[in-house]
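Structural features, examined
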Amino acid sequence: KNQVEQSPQSLIILEGKNCTLQCNYTVSPFSNLRWYKQDTGRGPVSLTIMTFSENTKSNGRYTATLDADTKQSSLHITASQLSDSASYICVVSADNNDMRFGAGTRLTVKP
Amino acid sequence: NAGVTQTPKFQVLKTGQSMTLQCAQDMNHNSMYWYRQDPGMGLRLIYYSASEGTTDKGEVPNGYNVSRLNKREFSLRLESAAPSQTSVYFCASSEGISYFSYGYTFGSGTRLTVV
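Just so it is clear, the structure is predicted and the values come from calculations on it, not from any experiment.

Cut-offs used in this document
Residues numbered from 1 in each chain as written. Chains lettered and ligands numbered in written order. Predicted model: local features only at pLDDT ≥ 70, side-chain atom pairs only at ≥ 80, totals over all residues. Heavy atoms only, no water. Phe/Tyr/Trp six-rings, centres within 6.5 Å; stacked < 30°, edge-to-face > 60°. Helix = DSSP H or I, 4+ residues; strand = E, 2+ residues; numbered from the N terminus. Buried < 20%, exposed > 50% of the residue type's maximum accessible area, 1.4 Å probe, protein only. Contact = heavy atoms within 4.5 Å. Buried area = accessible area lost by both parts, 1.4 Å probe. Salt bridge = Lys/Arg side-chain N within 4 Å of Asp/Glu carboxyl O. Polar contact = N/O pair within 3.5 Å; in protein donor to acceptor, adjacent residues only side chain to side chain. Nonpolar A, V, L, I, M, F, W, Y, C, P; charged D, E, K, R; others polar. Pairing = 2+ DSSP bridges. Axes fitted to C-alpha atoms, helices over the stretch in contact; angles between N-to-C directions. Disulfide = S-S within 2.5 Å.

To describe a pair of aromatic rings, one takes the distance between the centres and the angle between the planes. The tally for this structure, following the rule as stated, stands at 12 aromatic pairs over all chains. For the pair F101 of chain A and Y35 of chain B, a centre-to-centre distance of 5.1 Å together with 65° between the ring planes defines the contact as edge-to-face. Here the residue F101 of chain A occupies a position in strand β10 (residues 99-101), and Y35 of chain B occupies one in strand β4 (residues 31-37), the pair thus bridging two chains. For F101 of chain A, a relative accessible area of 8% translates into the label buried.

Another point: the interface of chain B and chain A. Listed as interface residues are 18 residues of chain B and, on the opposing side, 20 residues of chain A. Taken over both partners, the interface formed by chain B and chain A buries close to 1500 Å², and the fraction arising from carbon and sulfur atoms is 54%. Inspection of the chain B/chain A interface yields one salt bridge. Note that E59 of chain B and R100 of chain A form a salt bridge whose closest N and O atoms lie 3.5 Å from each other. Along the contact surface separating chain B from chain A lie four residue pairs in polar contact (both at pLDDT 80 or more). A class-by-class count of the residues in the side of chain B that touches chain A yields 10 nonpolar, seven polar and one charged.

Here we come to the environment of S18 of chain B. Residue and element names in this part refer to chain B. Relative to the assigned elements, S18 resides in the loop between β2 (10-13) and β3 (19-25). Placed 22 residues apart in sequence, S18 and G40 show a C-alpha to C-alpha distance of 26 Å. Other than its neighbours up to four places away in sequence, S18 contacts L13, R77, L78 and E79. In terms of polar contacts, S18 uses its side chain to reach the side chain of R77, at 3.2 Å.

Attention now goes to the sheet that holds strand β1 (residues 4-7) of chain A. Residues and elements named next belong to chain A. On the basis of which strands lie adjacent, the open sheet formed by five strands has the order β1-β3-β8-β7-β6 and antiparallel pairing. Looking along the sheet, the strands with just one partner apiece sit at the ends: β1 and β6 (56-59). Averaged over all adjacent pairs, the angle separating strand axes in this sheet is 15°, with direction ignored.

Taken as a whole and assessed by the stated rule, the structure comprises two disulfides over all chains. At a sulfur-sulfur separation of 2.0 Å, the disulfide partner of C23 of chain A is C90 of chain A. Between C23 of chain A and C90 of chain A the disulfide shows an S-S torsion of about -65°. By sign, it is left-handed. With C23 of chain A in strand β3 (residues 19-25) and C90 of chain A in strand β9 (residues 86-94), the pair connects residues that are 67 residues apart, well separated along the chain. The burial state of C23 of chain A is the same as that of C90 of chain A; both residues are buried. A disulfide bridge connects C23 of chain B with C91 of chain B, and the sulfur atoms are separated by 1.9 Å. Every disulfide takes its handedness from the sign of the S-S torsion; for C23 of chain B and C91 of chain B that torsion is -75°, giving left-handed. A residue pair is termed long-range when its members are at least 10 positions apart, and C23 of chain B in strand β3 and C91 of chain B in strand β9 (residues 87-94) qualify at 68 residues. The same class applies to C23 of chain B and to C91 of chain B, which are both buried. With no disulfide partner, C19 of chain A has as its closest neighbouring cysteine sulfur the one in C23 of chain A, 15 Å distant.

On to the sheet that holds strand β1 (residues 4-7) of chain B. Residue and element names in this part refer to chain B. Ordered by their spatial adjacency, four strands build an open sheet running β1-β3-β8-β7, and the pairing between neighbours is antiparallel. In the strand order of this sheet, the two ends are held by β1 and β7 (64-68), each with one partner. Pairwise comparison of adjacent strand axes, ignoring direction, gives a mean angle of 15° for this sheet. Sheet topology places β7 next to strand β8 (residues 74-78); five bridges connect them, and they run antiparallel. The partner of S67 across the bridge, within β8, is S75.

Set out below in structure tokens:
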């Protein structure tokens, strides 16, 4: 069964610190993986997209990594800011357009 | 720059009542989608419309109906609301049905409570 698991469920860090969010998936056959940021009361907004052949993709202070062999991805946030407080959702798509959403990691950045 | 607009933003229904959630996009996208988001779970696809004039069931279609009114608008109807339908509903659109080629643009969501 195609599934996406994210960890941790929630995370609190101090402003300026780095953090890493994890995503494990069993979606097959793998097509691509996106990380979304969802602010409270808003819809998700895409941060990065990665295909099978890509190991790393950066978007400003956000860096996503993908290990297609172990079916794991991570999202690293550098020098966190208060505006980074949000839920981060991992979304994995299969070749047949079957798309699965993780439950998200709720990140809180405190001053 | 409206993108995807959903109405209403909040709604409280009594069990058995009906209502329609409205969604409109101004990006000339071909495909539109309705998702529900529940605590501790990922977004789940209710229905989608690959193009104007077509609709298909997603993962959790029971208790819902949809209408692709035109290219811009895609509505979701609850005929007889149940407490299990308490959720946040998101509408999304994309240029085409191929997710790899076309990312999604999401609306801001409708928070529905059924009492």
